[in-house]
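One-letter residues, chain by chain:
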Protein chains: 2
Amino acid sequence: MLTYVLDKTSEEPLYVQIYRYIKKDIERGIIKAEEKLPSKRALAENLGVSIITVENAYDQLMSEGYVKSLPKKGYFAESIAVIQPETVSEKVINSIVRQDNAPQAFDFPFTIWARLMREELSENREKLMTRPPMNGIYELRAAIAKHLKQFRSMDVSPDRIVIGAGTEYLYMLINILIGKGLTFGVEDPGYSKISDIYSCLGGNCAYIPMESDGVDIDALKASGADIMHISPSHHFPTGNVTSIGKRYSLLSWASEKENRYIIEDDYDSEFRLSGRPIPSLMSIDVADKVIYINTFSKSLSPTIRISYMILPQSLMDKFKEMLGFCSCTVSTFEQYTLARFINDGYFEKHINRVRHLYKKRRDSLLKKTEEHSIFDGCTITGQDSGLHCLIKFQTQLCDKELLDEVTSLGIHAELLSKYYRHEPKEPLKTLILYYV
Amino acid sequence: MLTYVLDKTSEEPLYVQIYRYIKKDIERGIIKAEEKLPSKRALAENLGVSIITVENAYDQLMSEGYVKSLPKKGYFAESIAVIQPETVSEKVINSIVRQDNAPQAFDFPFTIWARLMREELSENREKLMTRPPMNGIYELRAAIAKHLKQFRSMDVSPDRIVIGAGTEYLYMLINILIGKGLTFGVEDPGYSKISDIYSCLGGNCAYIPMESDGVDIDALKASGADIMHISPSHHFPTGNVTSIGKRYSLLSWASEKENRYIIEDDYDSEFRLSGRPIPSLMSIDVADKVIYINTFSKSLSPTIRISYMILPQSLMDKFKEMLGFCSCTVSTFEQYTLARFINDGYFEKHINRVRHLYKKRRDSLLKKTEEHSIFDGCTITGQDSGLHCLIKFQTQLCDKELLDEVTSLGIHAELLSKYYRHEPKEPLKTLILYYV
């Protein structure tokens, strides 16, 4: 029986302590692959905690791919190709929906932003007129590093952060940096804008099928891709989380060739609605293969164009050499305002407020699904994170009729099939329902 | 003798009226190539105006390349390959120096900007949160079109304007739009950042030598360039203006092949310190071959990243098709603020104020050249426009010693030779002197 020393006086919840212990044991091989874990009740008794505490720990382990649950058999450790266990650390929060469904006007903290902007304009004129380095003002990069440390437990030097006017622009920089004629692996289904932009830049796109625990690694290997673009913490639109096993396989794939990289698109990491956050892929990468990308256009407003990427040190060196002469694309006015917005705690408050708002919207949406017969027997997934969930229907209706029916209830919905490169042969009978 | 009907009650100065008449006659072939023009005195008597009025008209015609002056012989019409004479129209103002020597902190109108920004943030929240089209908000594009009409006599539809976060970003878009593996013709000497960015984007650079009236057309033809990047109204660093004859030759060169274009970099068109403005190349282009680029980063602050380009209609159509799905890289907050800044007349006031400031700085710099012996016998050129002039010295000092000597007088100076791709064989003995 697993026995761990829990610290009941710690600020860290008990379930997190249990989750940490079990995760470490799995990573170190102390709990072997496929080994059965104690039942929730048995472990709860053994550790002197409530069953719900163990359940929370197991849920987190499952959502990160360390543990699987087999119906009527219990919980089992996943088989993991443990590559870099000692560097694994835990991270924070997660989720919002993609661009077109970003927060609404009324969510933006206008009054605070206006005040900070005004203060900057009256107090820091000389700084505002000073040309920043190509990767952005230090104050904002430091604020982002602090934020990532606090909310995503990522240890990132501000020197590796590059600020740019939107993720599309950052993709352009990556393309300049890594080279021409590359093949970009993109998730299928996935967000079509990503393949559109890579195609625009002259890249080829390889569409890698999604499985429930991440992209199909064999398909990736066969695809000839140089760069794999993924959202491991919360895939759009399926909501899938890439399992820890697949994460290591991806890192292993990337380390096989010099010019292979993984772009970790953490587009919705600020809005996980329940449960613990999923650690970032970058945090377990010791081979300098992950480019982490995130944006404030999602969490603040799509009309504020401030995104950032974290480059592996080797790429950062190349960046400075190749592109250091260019100008940062975000105005200093907005960079300094955002830096203060984060440092003064407003960003955290804003995120909490918006997350709460979406939770309420989600709950009211889920309530609707109990009230209308069209939802009878449906399966809901992905409701823990992001601004949408997936609903698979038991219905004789075709996809188009299904969509019309649900839309007529005043619900913002889309067909899941829309996000597939090739229309699936079997009708998916699945809709994406948005909370916005 | 040339005889024109002048309207002394018109708001248009007499010298402008004379300039227009003579220009039109040269374009129409009424005044033949190499034909001698009347002396200033004779024409002044004939038209009943002062000699200084005719002199101003001749100066303007010379700076635009319609007329040349031969020492002790008089004024002669230039030989011009008249391609599209009926579309020639006149334009406005001109000049400031490149990026690294842009206006200083204290020049920026902080108080007005802060007020406009605050008003936007309190009054136009919904608009600010609405995702603009890829080419920017309509209000700013319309304001730019109006400004260009008023100050540069350019007739441009707001629909052909693309707003972007800096000129480097716009070059990236052009590169995506026109194609890969292109050869970019760049001016030699020239601003090295331009060739640096094209090289970064995977383009080849052909260095086309500058002559006193614009780039060497034969060298351009032999270079295999697809795109020619020029600053016809005020070349950096020489200050040369591309003559009207060369302008038509350039347009003729571009029209020979489908995928040939000219990028007209009008980087300093807001700050001509004296004389009439030089018309833009785009204004005489009827073959849809000129991409016009300008920026507010020069005229407002290098830390505000707002630039724009005007695309030929065919490229604009392609732009919408290829890149319409992308997001505009400038935040709506700054776009709306700038639109109001222009529409409410503050931009014009700002430009006038800064122009006046630089004029004073220039005058004080030129005064210094009269006070120190190092300047004895020197030749000053380019002092009418931009934030710098060129000074060719009569000296036995080598370039390095010359630079040290002038710098020690508290003057911000650079070697002209620095801007040549290949170090000139003869020492140039020429410095660029900045007014900032």
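1. Focus on the overall build of chain A
Logical step 1: What chain A contains, in helices and strands, is 15 helices and 14 strands.
Logical step 2: Here the C-alpha radius of gyration of chain A, 22 Å, is about what a compact globule of 436 residues would show, namely 22 Å.
Logical step 3: In terms of overall dimensions, chain A has C-alpha extents of about 65 × 55 × 45 Å along its principal axes.
Logical step 4: When the accessible surface of chain A is totalled, it reaches about 17000 Å², and 49% of it is carbon and sulfur.
Logical step 5: In chain A, which carries 54 positive and 58 negative side-chain charges, the distance between the mean positions of the two groups comes to 2 Å.

2. Points about unusual backbone geometry
Logical step 1: In this model, Asp188(B) is joined to Pro189(B) through a cis peptide bond whose omega is 5°.
Logical step 2: By secondary structure assignment, the location of Pro189(B) is in the loop between strand 4 (183-188) and helix 8 (192-200).
Logical step 3: Cis geometry marks the peptide bond from Phe236(B) to Pro237(B), where omega comes out at 0°.
Logical step 4: With respect to the secondary-structure elements, Pro237(B) resides in the loop between strand 7 (227-230) and helix 10 (244-255).
Logical step 5: Positive phi, close to 60°, is recorded for Asp288(A), a residue that is not glycine.
Logical step 6: Residue position: Asp288(A) is located in the loop between strand 8 (261-265) and strand 9 (290-295).
Logical step 7: When its relative accessible area of 29% is taken as the criterion, Asp288(A) is described as partly exposed.
Logical step 8: Residue Lys429(B) is not a glycine yet carries a positive backbone phi of 50°.
Logical step 9: Within the fold, Lys429(B) resides in the loop between strand 13 (412-415) and strand 14 (430-434).

3. Observations concerning the pattern of salt bridges
Logical step 1: Under the criterion given, the structure shown has 37 salt bridges over all chains.
Logical step 2: Across the salt bridge formed by Glu168(A) and Lys193(A), the nearest N and O atoms sit 3.5 Å from each other. In this pair, Glu168(A) sits in helix 7 (residues 167-178) while Lys193(A) sits in helix 8 (residues 192-200), placing the two residues 25 residues apart along the sequence.
Logical step 3: Here the salt bridges do not stand alone but share partners, grouping Arg115(B), Glu119(B), Glu120(B), Glu123(B), Arg340(B) and Asp344(B) into one network.

4. A look at the state of the cysteines
As used in these notes, a disulfide is a covalent bond between sulfur atoms, one from each of two cysteines.
Logical step 1: Taken as a whole, this structure holds zero disulfides over all chains when the rule is applied.
Logical step 2: Unpaired in this structure, Cys328(A) has its nearest cysteine sulfur neighbour in Cys326(A), at a distance of 11 Å.
Logical step 3: Free of any disulfide, Cys205(B) has its nearest neighbouring cysteine sulfur in Cys200(B), separated by 10 Å.

5. Here we look at the sheet that holds strand 13 (residues 413-415) of chain A
Residue and element names in this part refer to chain A.
Logical step 1: In space, the four strands of this open sheet follow the order 11-12-14-13, with antiparallel pairing throughout. On the outer flanks of this sheet lie strand 11 (379-381) and strand 13, each paired with one strand and no other. Direction aside, neighbouring strands of the sheet carry axes that sit 25° apart on average.
Logical step 2: With three bridges connecting them, strand 13 and strand 14 (residues 430-434) associate as antiparallel partners. Bridge pairing in strand 14 links Ala 413 to Leu 433.

6. Considering the pairing of strand 3 (residues 161-164) of chain B
Residues and elements named next belong to chain B.
Logical step 1: Residues Ile 161 and Ile 163 point to one face of strand 3 and Val 162 and Gly 164 to the other, with burial holding for every one of them.
Logical step 2: In the sheet, strand 3 pairs with strand 10 (residues 307-310) via four bridges, with the strands oriented antiparallel. By the bridge assignment, Ile 163 is partnered in strand 10 with Tyr 308.

7. Section: the environment of Arg115(B)
Logical step 1: Within the element layout of this structure, Arg115(B) appears in helix 4 (residues 110-123).
Logical step 2: Once the C-alpha coordinates of Arg115(B) and Asp285(B) are considered, the two residues, 170 residues apart in sequence, prove to be 40 Å apart.

8. A look at the interface of chain B and chain A
Logical step 1: Taken together, the 48 residues of chain B in the interface contact 48 residues of chain A.
Logical step 2: Summing the contributions of chain B and of chain A, the shared interface buries around 4000 Å²; its carbon and sulfur component is 73%.
Logical step 3: Of all residues in chain B, the largest losses of buried area upon contact with chain A belong to Phe110(B), Met129(B) and Thr303(B), amounting jointly to 18% of the total for that side.
Logical step 4: Along the contact surface separating chain B from chain A lie zero salt bridges.
Logical step 5: Put simply, chain B and chain A have twelve residue pairs in polar contact (both at pLDDT 80 or more) between them.
Logical step 6: At the level of secondary structure, the elements contributing two or more residues to the side of chain B that touches chain A comprise helix 4, helix 5 (125-128), helix 7 (167-178), helix 8, helix 12 (313-323) and helix 13 (332-343) of chain B.
Logical step 7: If one sorts the elements of the side of chain B that touches chain A by residue count, helix 4 of chain B sits on top with seven residues.
Logical step 8: When its residues are assigned to classes, the side of chain B that touches chain A shows 27 nonpolar, ten polar and eleven charged.

9. Some remarks on the side chain of Ser301(B)
Logical step 1: Relative to the helices and strands, Ser301(B) resides in the loop between helix 11 (296-299) and strand 10.
Logical step 2: Given a relative accessible area of 0%, Ser301(B) falls into the buried group.
Logical step 3: Of the polar contacts made by the side chain of Ser301(B), one reaches the side chain of Thr303(B); its length is 2.7 Å.
Logical step 4: Apart from residues no more than four positions distant in its own chain, Ser301(B) is found in contact with Met129(A), Phe108(B) and Phe296(B).

10. Some words on the relation of the copies chain B and chain A
Logical step 1: With an RMSD of 0.1 Å, the operation that places chain B on chain A is a rotation of 180° combined with a shift of 0.0 Å along the axis. Such a turn and shift between the copies fits a two-fold axis.
Logical step 2: In this assembly, 100% of the residues forming the interface of chain B have copies in chain A that are likewise at the interface, indicating an isologous arrangement.

11. Digging into the confidence of the model for chain A
Residue and element names in this part refer to chain A.
Logical step 1: Put simply, chain A has an average pLDDT of 87, and 93% of its residues get 70 or more.
Logical step 2: Low confidence marks residues 82-103, where pLDDT is under 50. Its contacts with residues over four positions away, or in another chain, come to 118 contacts.
Logical step 3: ipTM for the predicted complex: 0.77, alongside a pTM of 0.78.

12. As for the domain arrangement of chain A
How big an interface is tends to be expressed through the accessible area that disappears when the partners come together.
All names here are of chain A.
Logical step 1: For chain A, the assigned domains read domain 1 (14-77), domain 2 (85-348) and domain 3 (360-434).
Logical step 2: Between the C-alpha centres of domain 2 and domain 3 the distance comes to 29 Å.
Logical step 3: If you look at the interface, domain 2 gives 21 residues, while domain 3 gives 17 residues.
Logical step 4: Taken over both partners, the interface formed by domain 2 and domain 3 buries close to 1700 Å², and the fraction arising from carbon and sulfur atoms is 59%.

13. Some details on the packing of aromatic side chains
Logical step 1: Per the counting criterion, the structure on display carries 35 aromatic pairs over all chains.
Logical step 2: Measuring from ring centre to ring centre gives 5.5 Å for Trp113(B) and Phe341(B), while their planes differ by 65°; the resulting arrangement is edge-to-face. Of the two residues, Trp113(B) is situated in helix 4 and Phe341(B) in helix 13; the sequence distance between them amounts to 228 residues. Taken as a pair, Trp113(B) and Phe341(B) share a single burial class, namely buried.
Logical step 3: Three or more aromatic residues joined by ring pairs make a cluster, and in this case those are Phe108(A), Phe110(A), Trp113(A), Tyr292(A), Phe296(A), Tyr308(A), Phe341(A), Tyr346(A), Phe347(A) and Phe333(B).
Logical step 4: Lying across the ring of Tyr261(A), Lys289(A) places its NZ or CZ 4.9 Å from the centre.

Thresholds, definitions, all that
Throughout, residues of each chain are indexed from 1 in the direction in which the sequence is written. As they are written, the chains are lettered A onward and the ligands numbered 1 onward, keeping that order. Only residues with pLDDT of at least 70 are given local features in this predicted model, and only at 80 or more are side-chain atom pairs given and counted; all residues enter the totals for whole chains, interfaces and linings. To obtain the side-chain values, all non-hydrogen atoms of the structure were included, while hydrogens and water were left out. Helix and strand definitions here come from DSSP, where helices need a minimum of 4 consecutive H or I residues and strands a minimum of 2 consecutive E residues; each element is numbered from the N-terminal end. Atoms considered for the radius of gyration are the C-alpha atoms alone. The globule rule reads 2.2 Å times the number of residues to the power 0.38. Under the convention used here, a 1.4 Å probe and the Shrake-Rupley method define accessible areas, while residue burial counts only the protein chains that appear. Neither His nor the chain ends contribute to the count of charged residues, in which Lys and Arg are positive and Asp and Glu negative. Lys charges are placed at NZ, Arg charges at CZ, Asp charges at CG and Glu charges at CD. Relative accessible area decides the class of each residue, using a 1.4 Å probe on protein chains only: under 20% of the type maximum gives buried, over 50% gives exposed, and in between gives partly exposed. We define a salt bridge as a side-chain nitrogen of Lys or Arg found within 4 Å of a carboxyl oxygen belonging to Asp or Glu. Criterion for a disulfide: a pair of cysteine sulfur atoms within 2.5 Å. Strands are labelled as partners when DSSP assigns at least two bridges between them. Only C-alpha atoms enter the line fits that serve as axes; for helices the fit covers just the stretch in contact. Angles between N-to-C directions range over 0 to 180 degrees. We call two residues contacting when some pair of their heavy atoms lies within 4.5 Å. The term buried area means the drop in 1.4 Å probe accessible area that two parts suffer when joined, counted for both and summed. Polar contacts, as used here, are pairs of N or O atoms within 3.5 Å; protein pairs need one atom able to donate a hydrogen and one able to accept it. Residues neighboring in sequence count only if both atoms are side-chain atoms. Charged residues are taken to be Asp, Glu, Lys and Arg, nonpolar residues to be Ala, Val, Leu, Ile, Met, Phe, Trp, Tyr, Cys and Pro, and polar residues to be all remaining types, Gly included. What sets the superposition is a least-squares fit of C-alpha atoms, and only residues with pLDDT of at least 70 in both copies go into it. For every residue, the predictor states its confidence as a pLDDT score lying anywhere from 0 to 100. Here the bounds of each domain stem from an automatic or database domain assignment. Side-chain rings of Phe, Tyr and Trp, where Trp is taken by its six-membered ring, are said to pair if the distance between their centres is within 6.5 Å; with planes under 30 degrees apart they count as stacked, over 60 as edge-to-face, and otherwise as tilted. The criterion for a charge sitting over a ring is simple: Lys NZ or Arg CZ within 6 Å of the ring centre, and within 35 degrees of the ring normal.

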